[in-house]
Amino acid sequence: ADAATIPALVIGTGYGGCVAALRLAQAGVDVHMVEMGMAWDTPGSDGKVFANTTTPDQRSFWLRTRTKQPLSNFLGFPIDKNIPKYTGILDAEEFSGITVYQGRGVGGGSLVNGGMAVTPRRETFGDVLPGVNADEMYNTYYPRANAELGVGMIDPAWFDSTACYQYARVGRKHAQRSNFPFVFVPTVYDWNYMKQEAAGTVPKSALAGEILYGNNYGKKSLQKTYIPKIRATGRVTISPLHRVSTVRPTTGGYTVTIEQLNTTGDVVATKQVTAAKVFFAAGSVGTSKLLVKLKATGALPNLNGEVGKGWGDNGNVMCGRANHMWDPTGPLQSSIPTLGIDNWAAGGAFAEVAPLPTGIETYASFYLSITKTPHRAAFSWNAAANRVDLSWQTAWKQTSITAAKTIFDKINSKEGTIYRTDLFGIYKIWGDHLTYHPLGGAVLNRATDSYGRLHGYPGLYVVDGALIPGTTVVNPFVTITALAERNIEKIIATDL
Ligand code: FDA
């Protein structure tokens, strides 16, 4: 490799990318991280870096002129509104059968997500990564991921007393009365900070409806965990508003073409660098789209036929229930969910009691369910339209609805309540049009070997959620982080 060749280039700055960059840098390797989204380190005109859910603005969405909020309607009224086109934080990426929500910016999905940091129960790990040694994961890599991410559990006594989790206590009561096992869900929120928010002694974040468009204070996104450690190595440069468009082999490595964007999404410069090793960490959708395009257009023709396949939605489906007047869920709702109903073994669903942080009493209980579903889609190159398509069908969500109904039909019948029909459209019960948890597209042991090395191209690796074949049974980011820790350790030991 000549002097201009950089040792390692990482595409994307989410969980997989941050794990790879940190461990490579700690092993003495210089790393360049390329991120299509913004840095998210500068306050806007309101003094805050991030917007909240009650007043979305240009910061909220990736290159849209109108918001596309997960709940499209409330009490029958559409709630979306026009915003200026901007390289905002949440991408609602539309494929023909599904909208895939993703984070854009340095920190990837950690910027926008709910912070629920769940390790799957060991008995279910065979559903997640069948080819991976569970002992190693549960003894070494899950504990490492949990420690680095700062995962912690709510103080149960505070949960029982604080107004901001009244909605979750109602959810627990209804689960218990129908004999469903409820579990506290660990999170990466700073619980001491949330207690201070409730006491009114610090600026509010979870208690100000911050979620989806970033959290200004209490959530420990990657900006507060891996990224400071990455910067402290002195070996990593991060380029925000730079998007990788092509990777092709050259002497001594790979030539990577990178487009620099302005904040309205126009390409303002095109650059090329040569890297000895390239780590795909653009997320399940980002990595899959790149690999499928590069295989089909001749840049990386030797990628195998598994590239783009095995994509799933983690069985996401949402619904709301209308409570009786004696079961108010509270006008103040913490945006960080911390209670789940675990009916995975009996009915194939793990349901989170989610907030509706509207600031008013809604008498609604709202849930995001993660369900068992066999459906897997594939990405393919659409040459005529010059884009990557996804073969997902909206009707496949019926399996997830059926699984979720094993919980909520029973609760409704026990409580004498009904589903809300005003949240996802007019007279529409199920939020079946989206996922927050894209997984797969470059599946471990199929498109790659058992550590993420892409077949056909030594020096190309996948390190993100694209490796996971469609489900993590619970929320995915702890598993994505743990798998990345496992794989990069092996790669550093054997490939450098
Ligand atoms: P991730 O998507 O984090 O990062 C990929 C990065 O690559 C992005 O920053 C992207 O901009 C960048 N990129 C893409 N293409 C590129 C290109 N061509 N060039 C340069 N950069 C490129 N999970 C969980 O466990 N608990 C939870 O509570 C939630 N809640 C939640 C809410 C919402 C609203 C969303 C959208 C998601 C969640 N998730 C979640 C899911 C979780 O955030 C997600 O699984 C992980 O962020 C995925 O991590 P990855 O490392 O795979 O990619």
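Reading the values: the criteria
- Residues numbered from 1 in each chain as written.
- Predicted model: local features only at pLDDT ≥ 70, side-chain atom pairs only at ≥ 80, totals over all residues.
- UniProt positions renumbered as here; feature names shortened; annotations may be inferred.
- Helix = DSSP H or I, 4+ residues; strand = E, 2+ residues; numbered from the N terminus.
- Rg over C-alpha atoms; globule rule 2.2 N^0.38 Å.
- Buried ≥ 20, exposed ≤ 12 C-beta atoms within 10 Å, placed from the backbone.
- Contact = placed C-beta atoms within 7 Å.
- Near = placed C-beta within 6 Å.
- Nonpolar A, V, L, I, M, F, W, Y, C, P; charged D, E, K, R; others polar.
- pLDDT = per-residue confidence, 0-100.
- Pairing = 2+ DSSP bridges.
- Axes fitted to C-alpha atoms, helices over the stretch in contact; angles between N-to-C directions.
- Parallel < 35°, antiparallel > 145°, perpendicular 65-115°, else oblique.
- Left-handed = near helix turned anticlockwise from the far one by under 90°.
- Core = buried A, V, L, I, M, F, W, Y, C linked by C-beta atoms within 7 Å.

In the annotation of an unreviewed UniProt entry, the entry for the chain reads Cholesterol oxidase, and the organism field reads Lentzea guizhouensis. Checking UniProt for the chain, the heading Sequence similarities (unreviewed entry) contains the comment "Belongs to the GMC oxidoreductase family."

Some remarks on the overall build of the chain
For the chain, the count of helices and strands is 11 helices and 20 strands. Expected size for 496 residues packed as a compact globule is a radius of gyration near 23 Å; at 22 Å, the chain falls within 12% of this value. Seen through its principal axes, the chain has C-alpha atoms that stretch 70 × 50 × 45 Å. Relative to its 496 residues, the chain shows a buried fraction of 54%. Here the analysis covers contacts within the chain between residues at least 6 apart in sequence; of these, 72% occur between residues at least 24 apart.

A closer look at the site of the ligand
Contacts to the ligand come from 41 residues, most closely from G12, G14, G108, G109 and G283. Among the elements of the structure, α1 (15–26), β6 (99–103), β9 (242–250), α8 (283–296) and α11 (477–495) are those that each provide at least two residues to the shell around the ligand. Per-element accounting of the shell around the ligand gives the leading share, 4 residues, to α8. Counted by class, the shell around the ligand contains 16 nonpolar, 21 polar and 4 charged residues.

Remarks on the confidence of the model for the chain
Segments scoring low in pLDDT should not have their predicted coordinates read at a detailed level. Chain-level statistics for the chain give a pLDDT mean of 96 and a share of 99% at 70 or above. Scored by ipTM, the complex comes to 1.00, with pTM at 0.98.

As for the sheet that holds strand β19 (residues 434–435)
Spatially, β5-β6-β19 is the arrangement adopted by the 3 strands of the open sheet, whose pairing is mixed. Each of the sheet's edge strands pairs with one partner strand only, and the pair in question is β5 (90–94) and β19. Summarising the sheet, β5 and β6 pair through 5 bridges and their orientation is antiparallel. By the bridge assignment for β6, A92 is matched with Y101.

Some points on the packing of α1 against α11
At a minimum axis distance of 9 Å, the contact between α1 and α11 shows a crossing angle of 30 degrees. Taken together, α1 and α11 sit at an angle that is classed as roughly parallel. In this structure, α1 meets α11 at a crossing whose hand is right-handed. Residues Y15, G16, V19, A20, R23 and L24 of α1 pack against F477, I480, T481, A484, E485, I488, E489 and I492 of α11. In terms of residue class, the contact of α1 with α11 is built from 9 nonpolar, 2 polar and 3 charged.

Here we look at the sheet that holds strand β7 (residues 182–184)
Ordered in space as β7-β13-β14-β15-β12-β18, the 6 strands form an open sheet in which the pairing is antiparallel. Each having just a single partner strand, β7 and β18 (418–419) make up the two edges of the open sheet. Contacting β12 (317–322), β13 (339–343), β14 (349–354), β15 (364–371) and β18, helix α10 (residues 397–415) crosses the sheet at an angle of about 25 degrees to β12.

A closer look at the UniProt feature "domain: FAD-dependent oxidoreductase 2 FAD-binding" (unreviewed entry) in the chain
In the numbering used here, UniProt assigns the "domain: FAD-dependent oxidoreductase 2 FAD-binding" (unreviewed entry) feature to residues 9–39. Across residues 9–39 one finds 39% helix and 23% strand; the C-alpha atoms that close the span lie 18 Å apart.

So, the UniProt feature "domain: Glucose-methanol-choline oxidoreductase C-terminal" (unreviewed entry) in the chain
Residues annotated in UniProt with the feature "domain: Glucose-methanol-choline oxidoreductase C-terminal" (unreviewed entry) correspond here to residues 435–484. Note that residues 435–484 is 16% helix and 8% strand, and that its end C-alpha atoms are spaced 22 Å apart.

Let's talk about unusual backbone geometry
At Y427, a position not held by glycine, the phi torsion is positive, near 55 degrees. Judged by the 8 C-beta atoms lying within 10 Å of it, Y427 falls in the exposed class. Here V473, not a glycine, exhibits a phi torsion of approximately 75 degrees, which is positive. With respect to the helices and strands, V473 occurs in the loop between β20 (460–462) and α11.

Here we look at the nonpolar core
Formed by 141 residues in total, the largest nonpolar core has its most connected members in A21 and F280. Among all residues touching A21, those that are not within four sequence positions of it are V10, V31, M33, I230 and V236.

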